[in-house]
Amino acid sequence: MDITRAKDIYASKDKIAVHLDGEPVWIEHVDPDNGMATVQVGSRPTNTQTVGVERLEEQGK
């Protein structure tokens, strides 16, 4: 995924399925200057990771 799409998904009111290494994630923050995104992994709000947006995969695309 590129930084523009990550920002679009983050700003969208729609629920868009995104995965990281096969696990469903929710984008919580996008850092366009560094090409990074903070994501919540699964349904546990305390399980967050900051990763390069290129590691994120939009499902159904």
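This structure is a prediction, so every number in the text was calculated from the model and none was measured.

### Brief notes about the side chain of E58
Turning to step 1, where the next piece is worked out: Mapped onto the fold, E58 is located in strand β5 (residues 56-58).
Turning to step 2, where the next piece is worked out: Those residues in contact with E58 that lie beyond four places of it in its chain are M1, R5, I9, I16, A17 and V18.

### A few points about the pairing of strand β3 (residues 36-41)
Turning to step 1, where the next piece is worked out: The pairing of strand β2 (residues 23-31) with β3 spans 6 bridges and is antiparallel. Within β3, the residue paired with I27 across the bridge is V39.
Turning to step 2, where the next piece is worked out: Hairpin geometry of β2 and β3 is characterised by an intervening segment of 4 residues between the two adjacent antiparallel strands and by a positive phi of about 70° at G35.
Turning to step 3, where the next piece is worked out: The sheet contact formed by β3 and strand β4 (residues 48-52) spans 5 bridges and is antiparallel.

### Topic: the sheet that holds strand β1 (residues 18-20)
Sheet strands associate in pairs through backbone hydrogen bonding, adopting either a parallel or an antiparallel arrangement.
Turning to step 1, where the next piece is worked out: Taken together, the 5 strands give an open sheet; going across it, the order is β4-β3-β2-β1-β5, and neighbouring strands pair in antiparallel fashion. Pairing within the sheet leaves two strands with one partner each, and these edge strands are β4 and β5. Here the strands of the sheet are splayed against their neighbours by 45° on average, with no regard to which way each runs.
Turning to step 2, where the next piece is worked out: By the bridge criterion, 3 bridges tie β1 to β2 in an arrangement that is antiparallel. Bridge pairing in β2 places H19 opposite P24.

### Side note on the pattern of salt bridges
Turning to step 1, where the next piece is worked out: Applying the stated criterion to the full structure yields 2 salt bridges.
Turning to step 2, where the next piece is worked out: Notably, a salt bridge pairs R5 with E58, separated by 2.8 Å at the nearest N-O pair. Pair noted here: R5 is in helix α1 (residues 3-11) and E58 is in strand β5, with a separation of 53 residues, a long-range link.
Turning to step 3, where the next piece is worked out: Of the residues examined, R5 reaches a relative accessible area of 27% and is grouped as partly exposed.

Conventions adopted
Residues numbered from 1 in each chain as written. Predicted model: local features only at pLDDT ≥ 70, side-chain atom pairs only at ≥ 80, totals over all residues. Heavy atoms only, no water. Helix = DSSP H or I, 4+ residues; strand = E, 2+ residues; numbered from the N terminus. Contact = heavy atoms within 4.5 Å. Pairing = 2+ DSSP bridges. Axes fitted to C-alpha atoms, helices over the stretch in contact; angles between N-to-C directions. Salt bridge = Lys/Arg side-chain N within 4 Å of Asp/Glu carboxyl O. Buried < 20%, exposed > 50% of the residue type's maximum accessible area, 1.4 Å probe, protein only.

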